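# Architecture at a glance
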Amino acid sequence: MPLSHGHDLDARARRLLRTLIAQYLADGEPVGSRTLSRSSGLDVSPATIRNIMADLEDAGLVASPHTSAGRIPTPRGLRLFVDSLIELQPLPRDEMARLKRELPPGPTTTRDLLGNVSTLLSAMTHFAGVVTVPRQADFPLRHIDFVPLPDARVLVILVFSDNQVQNRIVQLAKPLDGRELEQAANYLNHHFAGLRVDDIRARLLSELREAGGELNRLLASSMELAAASFAPHSEGDDVLVSGQTNLMAYSELADLERLRELFEAFQKKNELLQLMEVCARAPGVRLFIGEESGFTALDGCSVVTASYGAQGRVLGALGVIGPTRMAYERVIPVVQATAGLLSDALNRAATTS
């Protein structure tokens, strides 16, 4: 959200802050009053610029590193810059063409598509690309098959609309023969294909309660199998990360202890997944600068995310993690456009399945 104190800055202060941040984002060095005087285009004395800089420092928008007479923006200053001092433009045509060209055009599993998106985000921004993996149960069922196994067990093969295949092994009280398994599969494919697993489970339980219903008569010997096939299933939430080593190239993140903590967070994924799930629940682009993420490992980073989905349902979030000194006016449109293209690809897959 925009910071209220941003509206208290007069036009000169806003222009100087915008100039300072743009210069800092470009070269990573503290910006002195003389540079600001040349770059801002304002007809004011160096003393006036120093006074305005002092006011901006008092407001917590810029800071003076000990080793330099110049100033750098604080995370609060960067937040104000992103919220109200830059004008975001649509992604340039050539970069949009690159995104479209490098996303897989043909049929692929959702996980493969997401892995490609994560890698592409990293390549486009030179940061770490992150994408959450949706639950398989969020995709409609295309087909179910049963394969008999020894000891009254059955292999359940679930094929989803995103071409992903999930196998489950169900233990029954007594074995079912091939004819009964085929009968159960035919019934379930006829009545439940095209529905999500949660919806199938609800309908199945409802029909099982109806004494004398068609399901009871048809699947009298295999109700146990039908219920077990769609029982709640732990999938292990996941987030795909690509290009973590890109972050080693940025001097702001070069501290070994900071890198160790950051890479540990990428490996464990728990905190990262929590943050991305928060982002998935909010529409549009989300941006966390420094400590705003609430996770210590990301204190020196900025996280830019956007949600993606299909058929009106949000399925997850994607984004990039990089240093707070990033070209926000370029990175934000890249993330926004990628989320849109991923959603389009998932919608196409859903309509052709």
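Keep in mind the model is a prediction, meaning the values are calculated, not measured.

Moving on: the pattern of salt bridges. The final tally for this structure, using the stated rule, is twelve salt bridges. For arginine 79, the salt bridge is made with glutamate 292, and the minimal N-O distance between the two is 2.6 Å. Linking arginine 79 in helix α4 (residues 75-85) with glutamate 292 in the loop between β8 (285-289) and β9 (301-310), this pair joins segments that are 213 residues apart in sequence. For glutamate 102, the salt bridge is made with arginine 98, and the minimal N-O distance between the two is 3.1 Å. With glutamate 102 and arginine 98 both in helix α5 (residues 93-102), this residue pair falls four residues apart, about one helical turn. Salt bridges here are not isolated pairs; linked through shared partners, they connect Glu257, Arg260, Glu264 and Lys268.

Inspection of the entire model under this criterion finds three aromatic pairs. Measuring from ring centre to ring centre gives 5.5 Å for phenylalanine 127 and tyrosine 250, while their planes differ by 50°; the resulting arrangement is tilted. Here phenylalanine 127, found in the loop between α6 (110-125) and β3 (128-133), pairs with tyrosine 250, found in the loop between β7 (238-242) and α11 (256-268); they are 123 residues apart in sequence, far enough to count as distant. Like tyrosine 250, phenylalanine 127 is buried. Where phenylalanine 263 meets phenylalanine 266, the ring centres are 6.1 Å apart and the plane angle is 70°; that geometry is what we call edge-to-face. In this pair, phenylalanine 263 and phenylalanine 266 both sit in helix α11, three residues apart, roughly one turn of the helix. Take phenylalanine 266: its relative accessible area is 4%, and that puts it in the buried class.

Of all residues except glycine, most have a negative phi; of all peptide bonds, most are trans. Of note in the backbone geometry, aspartate 151 takes a positive phi value of approximately 60° without being a glycine. As for its placement among the helices and strands, aspartate 151 is situated in the loop between β4 (141-149) and β5 (153-160). Relative accessible area serves as the criterion here: at 62%, aspartate 151 is assigned to the exposed category. In this structure, glutamine 311 takes a positive phi of about 50° despite not being glycine.

Reading across from one edge, β7-β3-β10-β9-β8 is the order of the five strands in this open sheet, with antiparallel pairing throughout. In this open sheet, the two strands that pair with only one neighbour each are β7 and β8. The average undirected angle you get between the axes of adjacent strands in this sheet is 20°. Across ten bridges, β9 lies against strand β10 (residues 313-323) in antiparallel orientation. Looking at β10, one finds that alanine 306 is bridged to leucine 318. In this fold helix α12 (residues 270-280) packs onto β3, β7, β8, β9 and β10, with an angle of close to 125° to the strand it touches most, β10.

This part takes up the nonpolar core. Ranked by internal contacts, the top residues of the largest apolar core, which has 104 residues, are Phe146, Leu225 and Tyr328. Excluding residues within four positions of it along the chain, leucine 225 makes contact with Phe146, Val154, Val156, Val170, Leu172, Leu176, Leu181 and Ala184.

Turning our attention to the side chain of asparagine 189. Within the secondary structure, asparagine 189 sits in helix α7 (residues 178-192). Within polar-contact distance, the side chain of asparagine 189 engages the backbone nitrogen of isoleucine 144 at 2.8 Å. Not counting the four nearest positions on each side in its chain, asparagine 189 is found in contact with His143 and Ile144.

Cut-offs applied
- Residues numbered from 1 in each chain as written.
- Predicted model: local features only at pLDDT ≥ 70, side-chain atom pairs only at ≥ 80, totals over all residues.
- Heavy atoms only, no water.
- Salt bridge = Lys/Arg side-chain N within 4 Å of Asp/Glu carboxyl O.
- Helix = DSSP H or I, 4+ residues; strand = E, 2+ residues; numbered from the N terminus.
- Phe/Tyr/Trp six-rings, centres within 6.5 Å; stacked < 30°, edge-to-face > 60°.
- Buried < 20%, exposed > 50% of the residue type's maximum accessible area, 1.4 Å probe, protein only.
- Pairing = 2+ DSSP bridges.
- Axes fitted to C-alpha atoms, helices over the stretch in contact; angles between N-to-C directions.
- Contact = heavy atoms within 4.5 Å.
- Core = buried A, V, L, I, M, F, W, Y, C linked by side-chain atoms within 4.5 Å.
- Polar contact = N/O pair within 3.5 Å; in protein donor to acceptor, adjacent residues only side chain to side chain.

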